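As a plain string of letters, each chain reads:
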Amino acid sequence: MEYNIYCDESCHIQHDGNDIMVIGGVFCPKSKAKKINKEIRRIKEKYKIGPLAEVKWHKVSNNKLDFYKELIEYFFSTEDLRFRCVIAPEKKKLNLEKYSLTYNEWYYRIYYLLLKEIVSVDSEYYIYMDIKDTKGGEKVKKLKEVLNNLLYAFYSDVVKNVQLVRSDEIEIMQLSDILIGAVSYLNRDLNVTSNGKNEIINLILEKTGQGLKYTTSPKIFHNKFDIFRWKPRND
């Protein structure tokens, strides 16, 4: 079977003042992607949001809150959609020199932790990454290299393509941004005041029946919404 994986990230730059990075992705059968994108566009139209308008976590507020809630409801009611993310805490305390790693090498290892539980040798995967800056091509090349090294002989058979896309053109990528943003927001303890973002987080908590700060128990929710919390070595 073929799958599309729509990857995004939050607080991924080394010296951005944040101590937690979140890398995640929404994935679905490739054959269902076109239909899902159309259905999300219909939800946007219902709330008078233009088909070319990009919806993102940082835009969530009390204005259009009903739209974002319906989008979350759509994700949880759509069997073909699944989400996984990796939370990497204590970014400021990384002792990379001890392990002869650069920050970028560590970053791609976290990316691998995201993908290794999604990718299976009996299926084929198309990975899409959001264009964020001029270094996107370099990121794609490096991710391919890392996956090739870690998946060995399976890589060419399993990962068919890794490419950059514009998130404003793909609704599933926008959904990925919102889910990653919610996890990142909660883990950075920014949910201290009542606002639209907290309502979205509470809805996700209600739907998953789990916390968003810890590794998901395999018994919970059949991996519909899967979280892995990476733990740095104790130095």
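Residues numbered from 1 in each chain as written. Predicted model: local features only at pLDDT ≥ 70, side-chain atom pairs only at ≥ 80, totals over all residues. Heavy atoms only, no water.

Remarks on the packing of helix α1 (residues 33–46) against helix α6 (residues 171–187)
Following both chains from N to C, one finds α1 and α6 inclined at 70°, their axes separated by 8 Å at the closest point. The angle between α1 and α6 places the two elements in the roughly perpendicular class. Along its contact with α1, which presents Ala33, Ile36, Asn37, Ile40, Arg41 and Lys44, the element α6 presents Glu171, Ile172, Gln174 and Leu175. (Axes fitted to C-alpha atoms, helices over the stretch in contact; angles between N-to-C directions. Helix = DSSP H or I, 4+ residues; strand = E, 2+ residues; numbered from the N terminus. Parallel < 35°, antiparallel > 145°, perpendicular 65-115°, else oblique. Contact = heavy atoms within 4.5 Å.)

Points about the packing of helix α2 (residues 65–77) against α6
Running from N to C, α2 and α6 point in directions that differ by 100°, and their axes come no closer than 11 Å. With respect to each other, α2 and α6 are oriented roughly perpendicular. Counted together, Tyr68, Leu71, Ile72 and Phe75 of α2 and Leu175, Ile178 and Leu179 of α6 form the full contact between these two elements. Tallied by class, the residues present in the contact of α2 with α6 amount to 7 nonpolar, no polar and no charged. (Nonpolar A, V, L, I, M, F, W, Y, C, P; charged D, E, K, R; others polar.)

Points about the environment of valine 158
On the secondary structure map, valine 158 appears in helix α5 (residues 155–158). When its relative accessible area of 1% is taken as the criterion, valine 158 is described as buried. On a C-alpha basis, the gap between valine 158 and serine 123 in space is 6.2 Å, while along the polypeptide they are 35 residues apart. In this structure valine 158 touches Val119, Ser120, Val121, Ser123, Glu124 and Tyr125, once residues within four positions along its chain are discounted. (Buried < 20%, exposed > 50% of the residue type's maximum accessible area, 1.4 Å probe, protein only.)

Details of the pairing of strand β3 (residues 82–88)
Within β3, 6 of the 7 residues are buried, which leaves the element mostly enclosed by the surrounding structure. Sheet topology note: the strand β2 (residues 21–29)/β3 ladder contains 7 bridges and is antiparallel. When the bridges of β3 are listed, glycine 24 appears paired with cysteine 85. Here β3 runs beside strand β6 (residues 225–229); their pairing, made up of 5 bridges, is parallel. (Pairing = 2+ DSSP bridges.)

Focus: the nonpolar core
The biggest cluster of nonpolar side chains holds 46 residues, and the ones touching the most others in it are Leu81, Phe83, Ile172, Leu179, Ile204 and Phe225. Contributions of two or more residues to this core are made by β2, α1, α2, β3, β4 (124–130), α6, α7 (196–208) and β6. Apart from residues lying up to four places away in sequence, phenylalanine 83 is in contact with Gly25, Val26, Phe27, Phe75, Leu179, Ile180, Val183, Asn223, Lys224, Phe225 and Asp226. Counting residues in hydrophobic clusters, the runner-up holds 30 residues, among them Val86, Ala88, Leu114 and Val159. (Core = buried A, V, L, I, M, F, W, Y, C linked by side-chain atoms within 4.5 Å.)

Examining the sheet that holds β6
In spatial order, the strands read β5-β4-β1-β2-β3-β6; together these 6 strands make up an open sheet with mixed pairing. Each of the sheet's edge strands pairs with one partner strand only, and the pair in question is β5 (159–165) and β6. Sheet twist, expressed as the average angle between the axes of neighbouring strands with direction ignored, equals 20°. The sheet contact formed by β4 and β5 spans 6 bridges and is parallel. Bridge pairing in β5 links tyrosine 125 to valine 159. Lying on the sheet, α6 is in contact with β1 (2–10), β2, β3, β4, β5 and β6; it crosses β2 at an angle near 145°.

Things to note about the environment of phenylalanine 76
Mapping phenylalanine 76 onto the fold places it in helix α2. Take phenylalanine 76: its relative accessible area is 13%, and that puts it in the buried class. It is 8.8 Å that separates the C-alpha atoms of phenylalanine 76 and phenylalanine 225, two residues lying 149 residues apart in sequence.

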